[in-house]
Structures are given as structure tokens and as C-alpha cells.
Amino acid sequence: MTSSFKSIEENLKAEAGKLLESGRVEIVLAYGRGYDENHPMPFVAKHPSDVANMVFNEYCIHNLARYLVRYPRGTKIAVAVKAADCRAVIQLIQEEKIKRDDVVFLGIPVYGMKNPKTGEIIDSKTTCGMYNPVLYDVLLGEEVHGQKIVSPYDVLADYEAMDKEARWAFWKKEFDRCIRCYACRKACPMCYCDPCFIDQSKPRWGDKSPQSHGNLMYHLTRFHHLAGRCIDCGECSRACPVDIPLYLFHKKVAKECEEMFGQAAGMSIDDKPALVNFRVDDSDKILE
Amino acid sequence: MSRIGVFVCHCGLNIAKTVRVSELAQFAATLPDVVVAKDYKFMCSTPGQEMIANDIKQHKLDRIIVTACSPLMHEQTFRKVLAASGLNQYLLTIVNIREQVSWVTHDIEEGTAKAKALLNGAVYRARLLAPLTSRVIDVNPDVMVIGAGIAGIQAALELANTGKKVYLVEKNSTIGGHMAQFDKTFPTLDCSACILTPKMDSILQHKNITMLTSCEVSEVKGFVGNFDITIRQKARYVDHGKCNACLACTEKCPGKGVSEWDEGLVKRKAIYIPFPQAVPQKPVIDRDSCTFFKKGKCRLCEKVCEQKAIDFDQQDTFIQVKAGAVILATGYDLMDTKPLIQYGYGKYPGVYNALEVERLFNSAGPTGGKVTMRDGREPQAIAVLHCIGSRDKNNSEHCSRVCCMYSLKFAHLFKEKTSADVYQFYIDMRAAGKGYEEFYNRIIGEDVKFIRGKGARVAQSPDEEGRLIVEAEDTITGKFIKVPVDMVVLSPAMVPRADSRDIARLFNLSTDKQGFFMERHPKLAPLSTMSEGIFIAGVCQSPKDIPDTVAQANGAAAEALTIVVKDKMELEATTAMVNPASCCACQNCVRVCPYGAPFFNESKGVSEINEALCKGCGLCASVCPSSAIIARHFTNDQVLAEMEGLMEF
Ligand SMILES: Cc1cc2nc3c(=O)[nH]c(=O)nc-3n(C[C@H](O)[C@H](O)[C@H](O)COP(=O)(O)OP(=O)(O)OC[C@H]3O[C@@H](n4cnc5c(N)ncnc54)[C@H](O)[C@@H]3O)c2cc1C
Ligand code: SF4
Ligand code: SF4
Ligand code: SF4
Ligand code: SF4
Ligand code: SF4
């Protein structure tokens, strides 16, 4: 670690204070104290005095991009973003949900973040495995260099070794455990639809009770809705109370998208969302 | 509760041979809400239509399902039956059991089963259909014609003569196309310029025609009746408004470029007109060969131009044109024969392609109409090789249709202009046009040597420098022969323009296997395309001669006229709309719509759809994550019901 968690927290407080004081932003999205040290929570600062309650430690895993779309369009917001979170904000800008001018990226270069539930270090297995934000206005620590870079798709090896039937059986078994709490959707920065398709009654896309068919409909459609958009923060999987490894499916789709369209989600504000953009040289593999 | 009538068509034996039609009708009668189900030999015939009309009255039907051919064929026919019987025309459903069933199987079990499944789905959907009202829009009365070869010229003149305003867009700096490069035209051997240049001049003079040379289409928006097209005009570095066509500049210019018009056989100036009868008669500067652009010094043209028309700072400009209909007439390229190394084109100076030879014959061409070769000699023996690249699985599978005839024309002109022996190497002679067989017979009488066998290879003669040997199998005698000649003429395949797929994309057209623009129907709608209001004429559709090209041009003009002659037109009611309560503002719809119909309403924070632009393709509905989009006539409920019906099988 190039900068300690403590120094990042100090910088965060200082920058957030400045931004609120100067009126540059109305809101700072960051982390605050939870019921204990190991469980910090998303925190919204609206007054310079709020920043005293901000924290930053290895358990600040939440992707705060999730909260950006809650505010009316045009609200000036600063948001604390780690690498994957930053990509989520960029993806939202690509989707024109928010404007670049309305957000201040408080970039956090970091590694060694831990899952508060298990204490495990989260790395390329469940996230995109990047250390430095790809875009920022203010950097809250020194960039991380010299750490081993692992492809976020390496974790797919076992999954990809399965044949079609095995994969089907695998997911059927996983989805059968789903209790339809929708925590995955709630945690996801890209799941901003209101209403979500699955909550609609006309037409009724899928059964709402936690049963095989409806579960399948919900998850497969959600995966499809996130194709080319999921930035691999891993929040959905961490939010899941029954530990369904959703990230495997998301990573697999992301990998195929990247291979097909030469573009990973949320890497540049100049990109257009891959699946709703037509380029003459687009691969036809998707049709095969 | 609806009251559905199902009408099963036999289409003679077209459908009846692979679908048990009466069984299908009996099956239909068992389905929910179906009040009457019948089968009949030809449902589209007058008695067939009357049967439907009577049943609507007698059984008080409020939904009609016709299981027959593709809706492209007869949807309009049956809609009219509904309308005449007082039913909303959108309460009709066509189930395509011909193209999608009987024509894709030989197995009557399979055919009948699939027809039942499709019909079951259709009944489920029909029960949910709602009456819709068509929209009426204003039509822009002008027409755009793209490409000013003989096809474009003819179409533009026809339309302009009816009083319509025409924009004629040409990529080149002159209009005329390939025909302007020729000396004589088969089969009558009349002088090409004599029949073409009067038409070119009429284009220039016509008050209803706006001629836009050095122009290409860069963007197309809108739809039939209301196209909004952006044209990019390349910088010509000469202000054509000021230029009085004295051409003093072209004399003084020291720059040297390769004459595209003369197929690269000679040089031209950097400021030039392509050929003496070019229209407009005003020069353009080619940046690549201009001394000033290359070295920063010269500007001789500027000095001699009394009109002060030279403008080295000119930029590409964009012109915005609105039109009700568009005719594409972008013609063809000749296949590049260099990759066919067995023929030695580009390697042996004695090997020519057909267009080069056209320029040799032309009195305004590089040799003033004399047949002299690159080395200055007059050939003593000439071989014309048919079907180079055409009718060839490895290159262009199609027959280019005109090569036999122009090869015969070449034979005649060679005989007229030289004392050479002329050989024709052909697979078989295709002379199926008015006066063509007669023309062939005439050339046979002119002491031309016909060898039935495709030229297989052209090689350098080992004995005589500059002599070539043509190798072929004479399929009449079965012998392998070698013929020594001085000059070899290749008659290459006519192929689509290099940019034809880009043009197709701009206008939402399909192309065939070769890349020629695809017509709506090969027999019954050869000039229309799948994009309404876009028509095609000439070789951009497929290889053909000038008479056929002109006939198509006239036809396309008439087709375009059927649109722009009306000041209003009815549009399909099947458009999409956004339910603002469900829209999550992802703007996917805005991004995917090929017609630019959806837009984001910043103040309401939701997307909306401009109904006038929407064609009802349904793309937006399929990418809307929160199903906020209602595609009328194909609503989610209707489509899901249909799928449910299908999946019961
Ligand atoms: C060697 C040879 C000899 C022939 N001799 C005869 C003959 O004697 N008799 C006969 O009946 N037929 C003959 N033909 C056939 C004849 O050439 C065609 O039938 C005729 O020229 C077709 O005209 P067109 O207008 O369709 O195409 P073209 O003549 O190719 O004209 C197309 C025009 O569109 C322009 N254009 C292309 N792309 C664009 C674009 N993107 N935007 C704007 N403009 C564009 C081009 O610059 C051109 O001016 C011969 C063909 C060949 C190859
Ligand atoms: S799907 Fe999961 S990993 Fe992907 S962006 Fe949403 S929360 Fe993050
Ligand atoms: S699952 Fe689909 S519809 Fe639901 S919130 Fe996520 S993206 Fe939107
Ligand atoms: S968080 Fe887990 S249990 Fe809850 S809906 Fe998502 S997958 Fe199902
Ligand atoms: S796709 Fe649907 S949700 Fe997205 S902006 Fe359009 S109407 Fe709204
Ligand atoms: S249906 Fe949707 S995508 Fe298709 S033309 Fe209409 S608005 Fe555009």
C-alpha cells in the first residue's frame, strides 16, 4: 500500500470539506461509521460539518456509484470511488444517466480491501482486480504500482471447463437457493430501473415467488440487462445473503463482450455502451 | 370475447401440397373464440375475398386470420376487405404458411404441424389486438437521384419533365458515368457521345434539376416522403460560381496526374476537366497532383484566371437536402484483373482491360481514336477474352451480361480501325437482346475468329519479344491451343461499386451475395427496395446493358413519382410509444433506433418517441429494460400470448 487507509481517510475528509464549503458540490458520497469498525456504511455528507463522521478503511467495499442516480438530474455530487466504482460512474456517464460536469471523482487507489462478512481480501476473483481509478478529479492517495496484476477472467477457468449441461445444472442448483431478496439488484450501480422488469404486472415477465422458474427468469434477464454494462465490482455477490456466485456469470458475459467488441464496460467516457451501439466493424459472432 | 374467422388458403398446390389445409381449418375451428374456419383454393381471388366479406357480416366477425403467403404479398389486399366490411384493418392477422412452412419442407406431417403451431399462436395474439388509426403526413415533393450515369441522368430528366424538382448527386466532377467513356454502343453501333451528351446538356439546362457534382451522401435521416439528406461536396478549389469555363488554367498547369477518365492510359493536368464534353465544363483541382499543394509554390492557374475563380482555401461543404423519394443509380466498377495473375494484366503491356480499350477507340481518348498499343505499335493480332472473373465460382458467380456483346463490338471496331486478326475466346455466346443475335451474325461475317473455349492463360512468347501467347482449350475440337497475338483484351466482370455496402447501410438496403443492391422482389418489384421510398435503377441492381438501364431508370422515376405526386400519405399505425411511468431514462431506445425517433425529454426525465419518425420496427421495445415501450400491434402482451400459443406445440 502506497498510502495508508488513515491518510486516505484524512484526504477524503479534507477534500470533501473543501468541496462542500466552496459550494462546488451539494453532496459528497463516501463512507461513514457502521455498528462497528468492520462494518462501515455508505454515508452522505451535505454540510461541511458532516465530514467529521467520514471513515475509510479496508472494509469500505461498497460501490457508491449505486447512489448517484437517486438524486435529481443536475445535482452536483462528489463521489469517493475505488477502481471498479470509478468505472461504474463512467458507465453511468456513457449511459447519460449523469453528466460528467455534475460529478467530482474522488479517486481512491487501493488494494487489500476485505469482505466484511468473511474477512477475505477481495481481489480479481470477485472484482475487476484493478487498483487505480481510470479517471479522477482528485486523487486521495498515491497510485498503486508494483502489485501483481491478475486478469479478472482467470477465476473463470473451472467454470469454462464445464460443458453446457454441467453449467445448466450448476446454475439451476444455485438459483434454486435464491430467496428473491433482490439485494443483488439493490447493490448494483447499473440496476437503476424503476420499475425493474420483474416487478411489473403487465406483462408479468416471471413468477415473483422464490421458485425455480421465476428465479431463472429474474437472473437470466438481469444478466442479460447487465451485459456490456457490468463493471465487475462484485457488490451483487457480496450482497447476496445466500452467497450465490453471481460474479461468475457476469464475468463470463463481460469477457465475451470484451472479446467481441474490444471494449470493457466503464473504461472511458468516450465509449458508447457496447450492446446498444452499432459499429460497422462489429463482430457478427453474437449472431452465431 | 372476440369472434375470430380463420381463412386457410391452398395457394393452388403451393401450400396444399405440404400442408393438409382442410385439417388445418378443422383444427382452427376448435380454438378459443374461433367462430368460423374455412379453407379455399385461392383466398386472394375475388371469390375468396367475397367469402371473407360475407362471413364478416354473417357471423359478426371482429378478428380475421388469413393463413396464406407472406404479408408482404397480400396484407394490403385483405386489409382492404376488412376496411370495406367496416372492420378496422389492423384486426387482420396473416399467418405465413407458404414462405415459412410449405416452401421450406417436403414433409406434409411436419408442414401441417408447424402450420398448426403458428395458427395457434396467431389466435392467441388476435384476441388481444386493438383497432388502430393510420397516420397521415405531408410529403416532400422533391426527388433525389444518386449517381449520374445514364441511369441517373435518364431518371432525373423523366422526373424533371413531369415538373418535379430533382437533386442529381454525382461523386465525380462530371456527370455521364461509364457510357460517356465509350465510343460506339452495341448493337446499333451508334456513337455514344452523340446520344448521351444531349441528355447531359439537358441536365445542366433543366430548370427543375439541381446538379450536384463532386458530391456524396454522408447522412440520411427521415423516412419515405420526408428524407433529410446531408451531402458532402468535396473541395474543388475552383469557385464554379465565378468560373466561366475558359479553361485557360488547364493549359498553364504544370501539374501531372493520372487520367482516371482515360483509365490511367495517359496523364492529365492537376487542374482539369475529365473530357472535352464534361458537364459541368468547369475544372477542378486534384490536390494530389497539384504543384502548389505538394510543394507550396506555383499558383499559375490563379494567375491566369481572369474570373478570380481559383480558391486554394476552399473546404468540403455540407449541403442539406430534403426529398420525398430517392433513386439510387450508382452503377458498377470493373473487376480488378490484376489478382488473376494467369492473364498477366499489369505485367505485360500488351494486356488491356475492356474500359481501356473503350478509351482507345474513342476519338477524344488518349490516342485520338487510333488503336495503338502502349509501345506505340498497331497490333497485328488481337485476342478478346470473355468471362474474365464472371461465371467463375472463385470470383463473381454471375454472368455480367454485356461482355459478349461489347466483345463483339470490339471485334468490329478492331476490324474497322486495324488490319489485325481478331480472336474471340468465349465459353458460349450470350446474345439475348433485341437485335443482339443479328449483331452476332453480322460480326461472324466480318472475318472474326471465334474460339469456343475460355482463355486459360496469357504468357510471353518465348520467340518474339512483345508477342503474347493465349492458351485455351478449344471445346469444339477438344484440342488445347496456343494462339500468338500482340494484344490481349480482358472482358472482366462488372462488380458492385467498392462503396456499395456503405451506401446500402446509409439507406438501410440489403445487398445480394455479390454486393449489388437487393430489390424488394426479383420479379414483381425489381426497382423498389425493402426501404420504402428508396428505388434502384441501372447496374447498381445487377449487370445490364444500356437499353435495360434506361428502361429501369424510367420505371424508377415512375415509382418515385407515385410517392411524390401526392401531397399527403398514409403511414402505418404500428408505431411505438413510451409509458413515462415505467421509463428509467436509460436512453437505450434513443441509441438503437435506426430512424432517430426516440429522444430524451430532459425536463420530464423520460424518453419520448416522435411518432412521425417511428417505423414500428420494435427495436426500442426489445432493448427497454423496464418494458416502458409499447410497440403498437406488437405489444408485449400480444407477443407473449403468441409465444404461449406457439409453445403449446
Ligand atoms: C467495357 C464496357 C462496354 C460496354 N458497352 C456497352 C454498349 O456498347 N452498349 C450497352 O448497351 N451497354 C454497354 N455497356 C454497359 C453499360 O456500361 C451500362 O449498362 C451502363 O453504363 C450502366 O449505367 P449506370 O448509370 O447504371 O452506371 P454507371 O455508368 O456506372 O454510372 C453510375 C454513376 O454513379 C456515380 N456514382 C457512383 N457511386 C456514387 C456515389 N456513392 N455517390 C454519387 N455518385 C456515385 C458514378 O460516378 C457514375 O457517374 C458496357 C459496359 C462495359 C464495361
Ligand atoms: S452486476 Fe454485480 S458486479 Fe456487475 S456492476 Fe452490478 S453489482 Fe457490480
Ligand atoms: S434487472 Fe434489469 S430491469 Fe431490473 S433493475 Fe436491473 S437492469 Fe433494470
Ligand atoms: S441477493 Fe441473492 S438471494 Fe437475493 S435475489 Fe439476489 S441472488 Fe437471490
Ligand atoms: S429504453 Fe425504455 S427505459 Fe430506457 S429510456 Fe427508453 S423508454 Fe425509457
Ligand atoms: S419502433 Fe422504436 S426503434 Fe423502431 S422506429 Fe419506432 S422508435 Fe425507432
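Relevant structure appears above.
Along each chain, residue indices are assigned from 1 in the same order as the chain's sequence is written. The lettering of chains begins at A and the numbering of ligands begins at 1, in the order of writing. With the structure being a predicted model, the display of local features is reserved for residues of pLDDT at least 70 and the display and counting of side-chain atom pairs for 80 or more, all residues being used for whole-chain, interface and lining totals. Each side-chain value is derived from all of the structure's non-hydrogen atoms; neither hydrogens nor water enter the calculation.

## Notes on the overall build of chain B
Helix and strand counts for chain B stand at 17 helices and 34 strands. Over its C-alpha atoms, taken along the principal directions, chain B stretches across nearly 90 × 70 × 40 Å. Contacts are residue-level and defined by heavy atoms, with any inter-residue pair within 4.5 Å sufficient. Put simply, of all contacts in chain B between residues at least 6 apart along the chain, 69% involve residues at least 24 apart. Surface accessibility follows the Shrake-Rupley procedure with a 1.4 Å probe radius. Residue values consider only the protein chains on display as shielding. Split by element, the accessible area of chain B, about 28200 Å² in all, is 52% carbon and sulfur. Measuring between centres, the 76 positive side-chain charges of chain B sit 2 Å from its 73 negative side-chain charges. Helix and strand assignments come from DSSP, with helices taken as H or I runs of at least 4 residues and strands as E runs of at least 2, each series counted from the N terminus. Note on charges: Lys and Arg go in the positive column, Asp and Glu in the negative column, and His and the chain ends are not counted at all. For the purpose of locating charges, the reference atoms are NZ of Lys, CZ of Arg, CG of Asp and CD of Glu.

## Here's the deal with the sheet that holds strand S4 (residues 103-107) of chain A
All names here are of chain A. Pairing within the open sheet is mixed, and its 5 strands lie in the order S2-S1-S3-S4-S5. Each edge of the sheet is formed by a strand with only one pairing partner; in this case those strands are strand S2 (41-45) and strand S5 (138-139). DSSP calls a pair of strands paired once it identifies at least 2 bridges connecting them. Where strand S1 (residues 27-32) and strand S3 (residues 77-81) come together, 3 bridges link them in parallel fashion. If you follow Leu-29 over to S3, its bridge partner there is Val-79.

## Concerning the state of the cysteines
Any pair of cysteine sulfurs within 2.5 Å is marked as a disulfide. Under the defined criterion, the tally for this structure stands at 1 disulfide over all chains. We note that Cys-403 of chain B lacks a disulfide partner, and the nearest cysteine sulfur, in Cys-387 of chain B, lies 6.6 Å from it.

## Describing the interface of chain B and chain A
Taken together, the contact between chain B and chain A spans 20 residues of the former and 20 residues of the latter. The term buried area means the drop in 1.4 Å probe accessible area that two parts suffer when joined, counted for both and summed. When chain B packs against chain A, close to 1600 Å² is buried across both sides, 52% of that on carbon and sulfur atoms. By salt bridge we mean one thing: a side-chain nitrogen of Lys or Arg within 4 Å of a carboxyl oxygen of Asp or Glu. Where chain B touches chain A, the interface holds 4 salt bridges. Whenever a nitrogen or oxygen atom comes within 3.5 Å of another N or O atom, the pair is scored as a polar contact, on the condition that within protein one atom can donate a hydrogen and the other can accept it, and that pairs from neighbouring residues in sequence are kept only if both atoms are in side chains. On inspection of chain B and its partner chain A, the count reaches 10 residue pairs in polar contact (both at pLDDT 80 or more). Those elements that place two or more of their residues in the side of chain B that touches chain A are helix H15 (588-592) and helix H17 (636-647) of chain B. Its residues assigned to classes, the side of chain B that touches chain A shows 10 nonpolar, 6 polar and 4 charged. In this count, Pro and Cys sit with the nonpolar residues alongside Ala, Val, Leu, Ile, Met, Phe, Trp and Tyr, while Asp, Glu, Lys and Arg are called charged and the others, Gly among them, polar.

## Notes on the site of ligand 2
Residue and element names in this part refer to chain A. What surrounds ligand 2 is the set Cys-188, Pro-189, Arg-222, Leu-226, Cys-230, Ile-231, Asp-232, Cys-233, Gly-234, Glu-235, Cys-236 and His-250. Going through the elements one at a time, helix H6 (212-226) and helix H7 (235-239) are the ones with two or more residues in the shell around ligand 2. Tallied by class, the residues present in the shell around ligand 2 amount to 7 nonpolar, 2 polar and 3 charged. We define proximity as follows: a residue is near a molecule or strand when any one of its heavy atoms falls within 4 Å of that partner.

## What to know about the packing of H6 of chain A against helix H8 (residues 246-261) of chain A
All names here are of chain A. Where H6 contacts H8, the two axes come as close as 10 Å, and the packing angle between them is 40°. By the criterion of interaxial angle, the relationship of H6 to H8 is oblique. The interaxial crossing formed by H6 with H8 has right-handed handedness. Two secondary-structure elements touch here, H6 through His-219, Leu-220, Arg-222, Phe-223 and Leu-226 and H8 through Leu-246, Phe-249 and His-250. With axes taken as lines fitted to C-alpha atoms, and helix axes fitted only over the stretch in contact, angles between N-to-C directions fall between 0 and 180 degrees. Orientation labels follow simple angle bins: below 35 degrees gives roughly parallel, above 145 gives roughly antiparallel, 65 to 115 gives roughly perpendicular, and whatever is left gives oblique. By convention the crossing between two helices is left-handed if the near helix lies anticlockwise of the far one by an angle smaller than a right angle, and right-handed if it lies clockwise.

## With respect to the pattern of salt bridges
Counted under the stated rule, the structure contains 63 salt bridges over all chains. Across the pair Glu-602 of chain B and Lys-99 of chain A runs a salt bridge, and its minimum N-O distance is 3.7 Å. Of the two residues, Glu-602 of chain B is situated in the loop between strand S32 (598-601) and strand S33 (606-609) and Lys-99 of chain A in the loop between helix H2 (83-94) and S4; the pairing between them involves two chains. Several salt bridges share partner residues, and in doing so they unite Asp-375, Arg-377, Glu-464, Arg-467 and Asp-486 of chain B into one network.

## Concerning the packing of aromatic side chains
Ring geometry is summarised as follows: Phe, Tyr and Trp rings, the Trp one being its six-membered ring, pair when their centres sit within 6.5 Å, and such pairs are stacked at plane angles under 30 degrees, edge-to-face over 60 and tilted between the two. By the definition in use, this model includes 25 aromatic pairs over all chains. Ring plane angle 45° and centroid distance 5.2 Å describe the contact between Tyr-406 of chain B and Phe-410 of chain B, whose orientation is recorded as tilted. Taken together, the residues Tyr-406 of chain B and Phe-410 of chain B, both in helix H11 (residues 403-417) and 4 residues apart, mark about one turn of the helix. Per residue, the accessibility class of Tyr-406 of chain B equals that of Phe-410 of chain B, and both read buried. Three or more aromatic residues link up through ring pairs in this structure, and these residues are Tyr-159, Phe-170, Trp-171, Phe-175, Phe-223 and Phe-249 of chain A. Geometrically, a charge over a ring is one whose NZ (Lys) or CZ (Arg) sits within 6 Å of the ring centre while staying within 35 degrees of the ring normal. Over the face of the ring belonging to Tyr-167 of chain B we find Lys-165 of chain B, whose NZ or CZ atom lies 4.9 Å from the ring centre. In this arrangement the basic side chain of Arg-268 of chain B is found over the ring face of Tyr-272 of chain B, its NZ or CZ atom lying 4.0 Å from the centre. Exposure classes here rest on a 1.4 Å probe applied to the protein chains alone. A residue is buried below 20% of its type maximum, exposed above 50%, and partly exposed in between.

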